[in-house]
Amino acid sequence: MSVQALLTSWIQAQKLRAPQMKNASIFERNLEEALDLRRANHGLFAPNVINSWKTGQGVDFCSNDILHLGVTGQIREEFEAELARHPGYNVHSGGARLLDGNYEYIQQIEQEIADFHGAESALIVSTGYDANGTIFGALPRPGDAIVYDELIHASIFDGMVHSVAPCKQSFRHNDCDSFREVLTSVIDSQKMIRDGSRCVLVAVESVYSMDGDVCPLRELVDIGKELCPKGNIEFIIDEAHGTGVIGPKGAGLVNALGMEKEIAVRLHTCGKGLASIGAAILGSATVRSVLLNYARPVVFTTAPSFPLVAAMRAGYNLLRSGATEKAQANIQHLVKRFIGRMRADETFQKASEMGIVWIPLSEDMEERDFLVHVIPIRTRQRYSYWLTFHLQLAGYCIFPIDYPVVPKGKSRVRLIVHGSNTEAQIDGIAKAICDWSREMIEIETSVDSGSKMPKSAQQVYALMAEAST
Ligand SMILES: Cc1ncc(COP(=O)(O)O)c(C=O)c1O
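Cut-off values and rules
- Residues numbered from 1 in each chain as written.
- Predicted model: local features only at pLDDT ≥ 70, side-chain atom pairs only at ≥ 80, totals over all residues.
- Helix = DSSP H or I, 4+ residues; strand = E, 2+ residues; numbered from the N terminus.
- Rg over C-alpha atoms; globule rule 2.2 N^0.38 Å.
- Buried ≥ 20, exposed ≤ 12 C-beta atoms within 10 Å, placed from the backbone.
- Contact = placed C-beta atoms within 7 Å.
- Arc of directions from axis to C-beta.
- Near = placed C-beta within 6 Å.
- Nonpolar A, V, L, I, M, F, W, Y, C, P; charged D, E, K, R; others polar.
- Domains from an automatic or database assignment.
- Pairing = 2+ DSSP bridges.

A. Region of interest: the overall build of the chain. Tallying secondary structure elements over the chain gives 18 helices and 15 strands in all. Relative to the 2.2 N^0.38 estimate, which gives 23 Å for 469 residues, the radius of gyration of the chain is 24 Å and therefore close to what a compact globule would have. On the principal axes, the C-alpha backbone points of the chain span a range of 65 × 60 × 55 Å. Evaluated residue by residue, the chain yields a buried proportion of 45% over its 469 residues. When contacts within the chain are restricted to residue pairs at least 6 apart in sequence, long-range pairs at least 24 apart make up 73% of them.

Right, dumping it as structure tokens:
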């Protein structure tokens, strides 16, 4: 299927359906009404629509295969080698972890992962989503308070729903002053926190995947120590988007900052940087034991079986051996190159001043210790679709991100730079964005700007009209 056809089918999928369903069952109509809420904002997606890089028609600037261990086949090779080292392996685990589901291999790999990250112990679970349910459902005790960054991942919010901690307060994203303010008010209002008999648990991520910024972990921990001198504050960090990508051999932010002893709980997921599956929760032996005994997603499920654990080990083998360091370095180089190109382009700068398209965080690039693979290209809502059409038709596979994934009014196109992307691809997409910016400036400064559309959007809407006649 051509990119044009894929885009057309996606746009067609946005046509409202419920109004035409008068004779359908109430159940089906109500469900279509729910889907129509998404269609009304051009936000209904079907699996695999417009993933042009998979068909060789586009460059991958969107997948979570950040190091490209999947695309290059490295993870498959390592996984097959791991399977070959264990002939006669079991596909099943045989039960819940505390019953029949425990086995030597999973314990060995858990310890290997813990050692790699400099943690005391690790617990493997099937997904990062489950991991956050596991952590937040089991670790907060009655009387504890949770203080969290307002932009934490949906799985942490869902995990917190099951937490018995009565007090949950958010602070402004990555804002140390707001953290200080919220923590102070939590301490003031909670007697058991003040007297040191209960804990404050702080939930953050290392790399925020929609904004491409990094948690000011050192600063937050220092504020926590200052305001809770009795030591009753602990941090829980989700390193899903840092795993494999930042820190020594991709060990993550905590390792990069040398804060292994200061962070109580870390979550590393393997579905992104490692092109694998599964997740590991790092913490003390006590944390692990509480999770095993109290976390409902662990207690009431079949334990992860050998193939999943072997897939995780394959990813960690690649990290440990240093095989991924080149990809890590290439991401740093390419992100720097891309931002440099955009900063040097006068048209893009003008479009940024006009509020047409801009890249937050690009100004202070030199001050940062390391860059991350996520670059949000901010636009207005309708423009994020137009920019997507332009880039897709130019051969770059990239997606718009909109409400409810990000707050209303924060539309963006998200560029993800990968381990095996090339300088030519980076220069190409930078040029394509600048070309689109030029076209949009011309449209916005023309007399009849309200009725004009960029060429790529015209092309896609024309194809759609053609397809529906
Ligand atoms: C920050 C964060 N945590 C957890 C998850 C869930 O991880 P998994 O895909 O392994 O379920 C994601 C995935 O999008 C994530 O971005």
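B. Structural detail: helix α3 (residues 74-84). Those residues of α3 lying buried are Q74, I75, E78, F79 and E82. Seen from one end, α3 has its buried residues packed into an arc of 125°, which puts them on one side. α3 presents A81 and A84 as exposed residues on the side facing more than 90 degrees away from its buried surface. For α3, the secondary structure elements touched by its buried residues are α13 (306-321).

C. Just the site of the ligand, in detail. What surrounds the ligand is a group of 14 residues, the closest being T127, G128, Y129, H153 and A240. Element by element, the count of residues in the shell around the ligand is highest for helix α5 (residues 128-138), at 3 residues. Here the shell around the ligand is built from residues that sort into 3 nonpolar, 9 polar and 2 charged.

D. Focus on the domain arrangement of the chain. One can read the domain layout of the chain as domain 1 (3-67 + 326-467) and domain 2 (74-321). Between domain 1 and domain 2, the residue contacts involve 17 residues of the former and 16 residues of the latter. Those elements that provide at least two residues to the side of domain 1 that touches domain 2 are α14 (325-344) and β12 (374-379). At 3 residues, the largest contribution of residues to the side of domain 1 that touches domain 2 is made by β12. Residue composition of the side of domain 1 that touches domain 2, by class: 12 nonpolar, 3 polar and 2 charged.

E. View of the pairing of β12. Here β12 lies mainly inside the structure; 5 of its 6 residues are buried. Of the pairings in the sheet, the one linking β12 to strand β15 (residues 412-416) comprises 5 bridges and is antiparallel in character. Within β15, the residue paired with R378 across the bridge is R412.

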